[in-house]
Amino acid sequence: MAGGNERSMKALKEVWRRAENSLCADCGKPDPDWASSTLGVFICLSCSGIHRNIPSISKVKSLKMDHWDDAQVQFLAKHGNAVTKATYEAHIPIYYYQPTYNDCQVLREQWIRAKYERKEFTEPGKQLAYSDGVKEGILWKRGRDNGQFLPRKFLLSEREGCLKYFTKQDAKEPKINVKIDVINATFQPVKIGNPNGLQITYLKDNKTRNIFVYHESGKEVVDWFNAIRSVQFHYLKVAFPIASDNEIKNRLTRNFLKEGYMEKTGPKQREAFKKRWFTLDHRRLMYFKDPLDAFAKGEVFVGSRENGYSVQKGLPSGTQGNFSWHYGLTIVTPDREYLFTCETETDQLDWIAAFTSVINQAMTPQEYASKCLDAVSFPS
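Residues numbered from 1 in each chain as written. Predicted model: local features only at pLDDT ≥ 70, side-chain atom pairs only at ≥ 80, totals over all residues. Heavy atoms only, no water.

1. Quick look at the pairing of strand 12 (residues 274-281)
Here is step 1 of the chain: Most of strand 12 is tucked away, with 6 of its 8 residues classed as buried.
Here is step 2 of the chain: Summarising the sheet, strand 12 and strand 13 (residues 284-288) pair through 5 bridges and their orientation is antiparallel. Across the sheet, Trp277 pairs through a bridge with Phe288, a residue of strand 13.
Here is step 3 of the chain: In sequence, strand 12 turns back onto strand 13 through a hairpin of 2 residues, with His282 there showing a positive phi of about 55°. (Buried < 20%, exposed > 50% of the residue type's maximum accessible area, 1.4 Å probe, protein only. Helix = DSSP H or I, 4+ residues; strand = E, 2+ residues; numbered from the N terminus. Pairing = 2+ DSSP bridges.)

Right, here's the structure in full:
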């Protein structure tokens, strides 16, 4: 018996060491140490918890702690991540967001359920809830002034190229009507305080407006998210007919590069530093008094190094403003310097890394145009 166990463990390790199985089949996290004995995929601990919630589809076991018999090991050897992906990920729409291990629970869970439970990507041309160019339904929206979440009707239309919401079910005129090409959507469960929280942003008079929504159903809110990406993709295909599908895909919804609290001072650099919530959305740095504010109190464009932008650790010598956090950083632009302090050295280094990644990228023609339009800066 002992020899049989050793033989099974040796065979299991050989399958486990295959290059195709070195990343989690569902989120791409390196060194997965769990597997599904019914699907034949190697997955990480976090994704194994999601699989465990759909026991009719997937039965998971630890590769290190659980016993695997010969038949189960042979099943893994016959399948593995590459073979299983070829079946369950055969026809993923190019606009569909495939989450990574850095993404929130609802995105990863619905991705796993879409693949294995609903089998959304096994057949070409399958009609999907987010693929027909129109979506209408109720989302719970946070009030801009009172902070209460109330049900609101939303309508997304590819034909009209816009997203609308209505304050009443029978309202004829929408409260907002936003062109699809200026919309971004990103999941914000922690900030919104709901596991299905979605932040929708759009440009209004070249300022960023935030809308915070959620739905009780994880599937429904992820369907809304991918419906927005679908409509955006088809809109941009018409607007940029010579662009490749991958180029257009890269222009769809994006996650913010960095968010969190810092302290800031005003342009005279003698004012007291004030704690504010900052969001770095690629080249647009915004700050808010509260993370759930509808509008930023100020915005600044972060350009490229070749255009005179840089980030420096620390504050200029002789900085006079009072501050309670002592890990400073300075953003240098052609017009002025922006001074910030962070609570910890880790925060400071993370912010510097985020700014550096943006500054080191060459600016696109569209970003040059955006900078010319952007007259907004940080007030005092």
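Now, onward.
2. Digging into the packing of helix 2 (residues 45-52) against helix 5 (residues 105-117)
Here is step 1 of the chain: The contact between helix 2 and helix 5 brings their axes to 10 Å, and the two run at 55°. Accordingly, the angle class assigned to the pair helix 2 and helix 5 is oblique. Judged by the twist between their axes, the crossing of helix 2 over helix 5 is right-handed. Of helix 5, the residues touching helix 2 (which contributes Ser46, Cys47, Ile50 and His51) are Gln105, Arg108, Glu109, Ile112 and Tyr116.
Here is step 2 of the chain: Considering only residue class, the contact of helix 2 with helix 5 consists of 4 nonpolar, 3 polar and 2 charged. (Axes fitted to C-alpha atoms, helices over the stretch in contact; angles between N-to-C directions. Parallel < 35°, antiparallel > 145°, perpendicular 65-115°, else oblique. Left-handed = near helix turned anticlockwise from the far one by under 90°. Contact = heavy atoms within 4.5 Å. Nonpolar A, V, L, I, M, F, W, Y, C, P; charged D, E, K, R; others polar.)

3. Re the environment of Ala86
Here is step 1 of the chain: Note that Ala86 resides in helix 4 (residues 80-88).
Here is step 2 of the chain: Judged by its relative accessible area of 55%, Ala86 falls in the exposed class.
Here is step 3 of the chain: On a C-alpha basis, the gap between Ala86 and Thr122 in space is 8.7 Å, while along the polypeptide they are 36 residues apart.

4. Digging into the UniProt feature "domain: Arf-GAP" (unreviewed entry) in the protein chain
Here is step 1 of the chain: The positions UniProt marks with the feature "domain: Arf-GAP" (unreviewed entry) are residues 6-129.
Here is step 2 of the chain: Between the first and last C-alpha atoms of residues 6-129 the distance is 48 Å; the span itself is 40% helix and 6% strand. (UniProt positions renumbered as here; feature names shortened; annotations may be inferred.)

5. A word on the UniProt feature "domain: PH" (unreviewed entry) in the protein chain
Here is step 1 of the chain: Residues annotated by UniProt as "domain: PH" (unreviewed entry) correspond here to residues 132-233 and 255-360.
Here is step 2 of the chain: Along residues 132-233 the backbone is 20% helical and 46% strand, and the end-to-end C-alpha distance reaches 12 Å.

6. Side note on the pairing of strand 16 (residues 327-332)
Here is step 1 of the chain: The buried count for strand 16 comes to 5 of 6 residues, which makes it a mostly enclosed element.
Here is step 2 of the chain: As paired elements, strand 15 (residues 310-313) and strand 16 share 4 bridges and run antiparallel to each other. If you follow Lys313 over to strand 16, its bridge partner there is Leu329.
Here is step 3 of the chain: With 6 bridges joining them, strand 16 and strand 17 (residues 337-342) adopt antiparallel strand pairing. Counted as the bridge partner of Thr330 is Leu339 from strand 17.

7. Here we look at the sheet that holds strand 9 (residues 198-204)
Here is step 1 of the chain: Taken in spatial order, the 7 strands line up as 7-6-5-4-10-9-8 in an open sheet, and their pairing is antiparallel. Either end of the sheet is taken by a strand with one partner, and the two such strands are strand 7 (176-179) and strand 8 (183-187). When strand polarity is set aside, the average angle formed by the axes of neighbouring strands in this sheet is 35°.

8. Structural notes on the domain arrangement of the protein chain
Here is step 1 of the chain: Domains assigned within the protein chain are domain 1 (1-117), domain 2 (134-250) and domain 3 (258-376).
Here is step 2 of the chain: Between domain 2 and domain 3, the C-alpha centre-to-centre distance is 27 Å.
Here is step 3 of the chain: With 12 residues of domain 2 in contact, the opposing surface of domain 3 contributes 16 residues.
Here is step 4 of the chain: Together, the buried faces of domain 2 and domain 3 total about 1300 Å²; carbon and sulfur atoms form 51% of this surface.
Here is step 5 of the chain: Among the residues domain 2 hides against domain 3, the three largest losses belong to Lys191, Asn206 and Thr208. Together they make up 43% of the total.
Here is step 6 of the chain: Glu259 is the salt-bridge partner of Lys191, the closest N and O atoms lying 2.7 Å from each other.
Here is step 7 of the chain: Where the side of domain 2 that touches domain 3 is concerned, the elements lending two or more residues are helix 6 (189-192) and strand 10 (207-214).
Here is step 8 of the chain: At 5 residues, the largest contribution of residues to the side of domain 2 that touches domain 3 is made by strand 10. (Domains from an automatic or database assignment. Buried area = accessible area lost by both parts, 1.4 Å probe. Salt bridge = Lys/Arg side-chain N within 4 Å of Asp/Glu carboxyl O.)

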